[in-house]
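# Survey of secondary and tertiary structure
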Amino acid sequence: MLKRIDASQVCIGMFVEAIEGLWQDPLLSRRRFSLRREADAVKIRRCGTASVVINTSKGLDTNGLPGRDNEADIKAALKAVQKSVQALEEVFARLRNGDGIAVDHVEPVISSVSRSMDENPSVFLSVTRLKSKDQVTFLHSISVSALMILFSRHLGLDEPTVQMLGTAGLLHDVGKLEIPLEVLNKEGPLEKEEINLMRGHPEKGHAFLSRQEGMSEIVLDVCLNHHERMDGKGYPRGLPSSEVSLHSRIATICDVYDAITSVRPYKAPWSANEALKWMLGTEGHFDRQLLKKFALCLSTAFVS
């Protein structure tokens, strides 16, 4: 639960979501952090800032007691994820049957994911990491959506753009509807023809969504370009970095991060540290400055 308090009420053990007002400290000006040192608490109390937003579900309240326990958070996250999966399955079924969709059809999912990322992003993302074979596409889409919401807020983008990026995350892999399940869920290495099938999903998805009335340009852009690279070696069009938008750069980072940190029956997941180390060491794939900001975003949200 988010709660706005006076800066004078801040104490160790609280989880700070935001410090409102003029604030110059480069360490404590991050969007989210756990207050662990008395020296930092003193800085905030003395800064003259009018108010501080704390998250009582992740730290202490003003009464010095913890908020909800972790078990309650996990149950709430599981419920939110399952409802989101069901809603997204219905949207994908409409597309598979040739029916039209609009952004409004995924709005309930976005609202649920967005609320979960405000309340406890670490728990919500942990729940989505365990991906069963029959729900991997839906859970991956929900997780990417959640990461894009978290990261775009960290970057300070306006809330309508944040919500639309969340929608883009939900729909970025819609082109996989046309890929046979035996290819989509294959546990071993893909054959050349299977790779070509997989690489066709951005264009197929873009074609799907382009036929939907009033579809956002941000959603279309992310769907088509989330596999482009900074060195021009991505697909489907091999765009140079100058032609890859900020929205698609965000999506690329979130998409790959979720894929390699997910728990699946046929592969061991990488930890956040392992994933980020590999991503930062991979030349040409990601926007490196943006990736460093993503790593900071995860550290402040305590995503493990």
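First things first, this report covers the structure right here in the doc. Throughout, a residue's number is its position along its own chain's written sequence, starting from 1. Reporting of local features is limited, given that this is a predicted model, to residues whose pLDDT is at least 70; pairs of side-chain atoms are given and counted only at 80 or more, and all residues count toward the totals for whole chains, interfaces and linings. Note that the side-chain values use all heavy atoms of the structure and ignore hydrogens as well as water.

## Thoughts on the side chain of Asp221
Numbering of helices and strands runs from the N terminus, with a helix taken as a DSSP run of H or I at least four residues long and a strand as a DSSP run of E at least two residues long. Position of Asp221 relative to the elements: it lies in helix α10 (residues 217–225). For the buried Asp221, no salt bridge is present, and the opposite-charge side chain at shortest range is Arg237, 5.9 Å distant. Side-chain polar atoms of Asp221 contact the side chain of Asn225, separated by 2.8 Å. Think of it in three bands: residues with accessible area under 20% of the maximum for their type are buried, residues over 50% are exposed, and the middle band is partly exposed, with areas taken using a 1.4 Å probe on protein chains only. Asp and Glu are treated as the negative residues and Lys and Arg as the positive ones, with His and the ends of the chain left uncounted. Think of a salt bridge as a Lys or Arg side-chain nitrogen and an Asp or Glu carboxyl oxygen that are within 4 Å of each other. A 3.5 Å cut-off defines polar contacts: any pair of N or O atoms within that distance qualifies, except that in protein one atom must be a possible hydrogen donor and the other a possible acceptor, and neighbouring residues in sequence count only when both atoms are side-chain atoms.

## Topic: the packing of aromatic side chains
We call Phe, Tyr and Trp rings a pair once their centres come within 6.5 Å, taking the six-membered ring for Trp, and we label the pair stacked below 30 degrees between planes, edge-to-face above 60, and tilted otherwise. In the structure shown here, the tally under the stated rule is 4 aromatic pairs. Each ring, one from Tyr257 and one from Phe294, has its centre 5.3 Å from the other, and the planes form 75 degrees; the classification is edge-to-face. Residue Tyr257 is found in helix α11 (residues 246–261), and its partner Phe294 is found in helix α13 (residues 288–301); the two are separated by 37 residues along the sequence. Take Tyr257 and Phe294: they sit in the same class, and that class is buried. Judged by centre distance (5.7 Å) and plane angle (75 degrees), the rings of Trp270 and Trp278 are edge-to-face. The class of Trp278 is partly exposed, set by a relative accessible area of 37%. Counting every residue linked through ring pairs, the aromatic cluster contains Phe151, Tyr257 and Phe294.

## Details of the packing of α11 against helix α12 (residues 272–281)
In a packed pair of helices, the relevant descriptors are the angle between the two axes and the axis-to-axis distance. To get an axis, a line is fitted to the C-alpha atoms, and for a helix only the part in contact is used. The angle between two axes follows their N-to-C directions and goes from 0 to 180 degrees. As a packed pair, α11 and α12 sit with axes 10 Å apart at the nearest point and diverge in direction by 130 degrees. Looking at the two axes, α11 sits oblique to α12. When the axes of α11 and α12 are compared, the crossing they make is right-handed. For the pair α11 and α12, contact is made by Ile253, Val256, Tyr257, Ile260 and Thr261 and by Ala272, Ala275, Leu276, Trp278 and Met279, respectively. Residue polarity is assigned by list, with Asp, Glu, Lys and Arg as charged and Ala, Val, Leu, Ile, Met, Phe, Trp, Tyr, Cys and Pro as nonpolar; anything else, Gly included, falls into the polar class. Of the residues that constitute the contact of α11 with α12, the class distribution is 9 nonpolar, 1 polar and no charged. For classification, angles of less than 35 degrees are called roughly parallel, those exceeding 145 degrees roughly antiparallel, those between 65 and 115 degrees roughly perpendicular, and all remaining angles oblique. Should the near helix be turned anticlockwise from the far one by less than a right angle, the crossing is left-handed, and should it be turned clockwise, the crossing is right-handed. The contact rule is simple, with two residues in contact once any of their heavy atoms fall within 4.5 Å.

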